[in-house]
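Secondary and tertiary structure notes
Below, each chain spelled out in residue letters.
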Amino acid sequence: MDTFECIISKLEVREFMRKEVRSEIKQRILESARQTGSGLNLQHWRFILVEDKKNLSQLALDSTSGAWISGADFGIIILTNPTLRFHLIDAGRVAQNMQLTAWDEGVGSGLYTGIKEGHLRKDFKIPTDLTPSIVLGFGYPAKALSGMRKNRLPLNQLVYVEKYGSSRN
Ligand SMILES: Cc1cc2nc3c(=O)[nH]c(=O)nc-3n(C[C@H](O)[C@H](O)[C@H](O)COP(=O)(O)O)c2cc1C
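So, here is what we can say about the structure in this document. Every value quoted in this text rests on a predicted model; they were computed, and no experiment measured them.

Definitions and cut-offs
Residues numbered from 1 in each chain as written. Predicted model: local features only at pLDDT ≥ 70, side-chain atom pairs only at ≥ 80, totals over all residues. Helix = DSSP H or I, 4+ residues; strand = E, 2+ residues; numbered from the N terminus. Buried ≥ 20, exposed ≤ 12 C-beta atoms within 10 Å, placed from the backbone. Contact = placed C-beta atoms within 7 Å. Pairing = 2+ DSSP bridges. Axes fitted to C-alpha atoms, helices over the stretch in contact; angles between N-to-C directions. Core = buried A, V, L, I, M, F, W, Y, C linked by C-beta atoms within 7 Å. Near = placed C-beta within 6 Å. Nonpolar A, V, L, I, M, F, W, Y, C, P; charged D, E, K, R; others polar. Left-handed = near helix turned anticlockwise from the far one by under 90°.

1. Some words on the overall build of the protein chain
Each helix and strand counted, the protein chain has five helices and four strands in total. The N-to-C order of helical and strand elements in the protein chain reads α-α-β-α-β-α-β-α-β. Taking the principal axes of the C-alpha coordinates as reference, the protein chain spans close to 55 × 40 × 30 Å. Burial analysis of the protein chain (169 residues in total) assigns 29% to the buried set. Considering only contacts in the protein chain between residues 6 or more positions apart, those separated by 24 or more positions represent 78%.

Pasting the structure below:
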């Protein structure tokens, strides 16, 4: 799949088949995280790979908006350094790269940001100098998906030319 096709077809997936994702694909997803550029190339992020079903259920309990992750094949907790003003930009970039790499392999993913931080920290032994910014869940989609489902604003409501508020016409 070319990059544009991958971006426009990708959907958030929250229902997964009971089919294991091969370790080579997981490795590829993690490698795409490693290759992502970060602010000042600090690479302050750390990733916790969660494969144990009990721990996936714990991820669901430690969330306010990600109960669906209990059905994922595996999860990844993205940790970033909160003292960096751009740390959430870095978290978003690395999450998107992992999701696109997965999608290109036919693997769906969702993310949650509604994190019960105290619980997640304790359950996954997260050190105090890192923040759990995003939690991702991956697996093969339970249903056939179509990009037609996307609900996006048209470009003419999003893009101005030269100055805010001016359009080309
Ligand atoms: C910053 C951010 C926070 C999000 N938080 C959650 C979340 O807490 N729980 C969840 O299920 N999805 C979450 N999502 C996923 C969005 O709901 C999803 O990207 C959006 O609905 C578009 O989905 P689509 O690409 O399938 O159309 C989040 C996405 C972003 C970019």
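Having seen the model, we can carry on.
2. Description of the sheet that holds strand E3 (residues 108-112)
The four strands lie next to each other as E1-E2-E4-E3, forming an open sheet whose pairing is antiparallel. Lying at the two open borders of the sheet, with one neighbouring strand each, are strand E1 (46-50) and E3. Sheet twist, expressed as the mean angle between neighbouring strand axes with direction ignored, is 20°. Sitting on the sheet, helix H3 (residues 53-61) touches E1, strand E2 (74-80) and strand E4 (131-139), and the angle it makes with E1 is about 120°. Running at roughly 10° to E4, helix H4 (residues 87-104) makes contact with E2, E3 and E4 of the sheet.

3. Some details on the nonpolar core
With 28 residues, the main nonpolar core has Ile78, Ala95, Met98, Ile134, Val135, Leu136 and Phe138 as its most contacted residues. Listed by contribution, the elements that provide at least two residues to this core are E2, H4, E3 and E4. Looking at which element gives the most residues to this core, the answer is H4, with six residues. If we skip the residues at most four places from it in the chain, methionine 98 touches Ile29, Ser32, Ala33, Ile76 and Leu136.

4. Let's talk about the site of the ligand
Near the ligand the following residues occur: Leu11, Glu12, Arg14, Ser65, Gly66, Gly110, Leu111, Tyr112, Thr113, Gly114 and Lys150. Per-class residue counts for the shell around the ligand are three nonpolar, five polar and three charged.

5. So, the packing of helix H2 (residues 23-34) against H4
The N-to-C vectors of H2 and H4 enclose an angle of 150°; their axes lie 8 Å apart at closest approach. For the pair H2 and H4, the sense of crossing is right-handed. Here H2 contributes Arg28, Ile29, Ser32 and Ala33 to the contact with H4, which in turn contributes Val94, Asn97, Met98, Thr101 and Ala102.

6. Some thoughts on the environment of histidine 44
Looking at the secondary structure, you find histidine 44 in the loop between H2 and E1. Ignoring sequence-local partners within four residues, the contact set of histidine 44 consists of Ser38, Thr80, Asn81, Leu84 and His87.

7. Things to note about unusual backbone geometry
With phi around 55°, leucine 40 is a residue other than glycine that occupies positive phi space. Tracing the backbone shows leucine 40 in the loop between H2 and E1. In this structure leucine 40 comes out as exposed when scored by C-beta crowding, with 10 C-beta atoms within 10 Å. For lysine 125, which is not a glycine, the phi torsion comes out positive at approximately 55°. Mapped onto the elements of the fold, lysine 125 is located in the loop between helix H5 (117-123) and E4.

8. Topic: the environment of tyrosine 160
Turning to its location among the elements, tyrosine 160 is positioned in the segment after E4. Exposure remark for tyrosine 160: the 11 C-beta atoms within 10 Å place this residue in the exposed category. Ignoring anything within four residues of it in the chain, the contact list for tyrosine 160 reads Gly165, Ser166 and Ser167.

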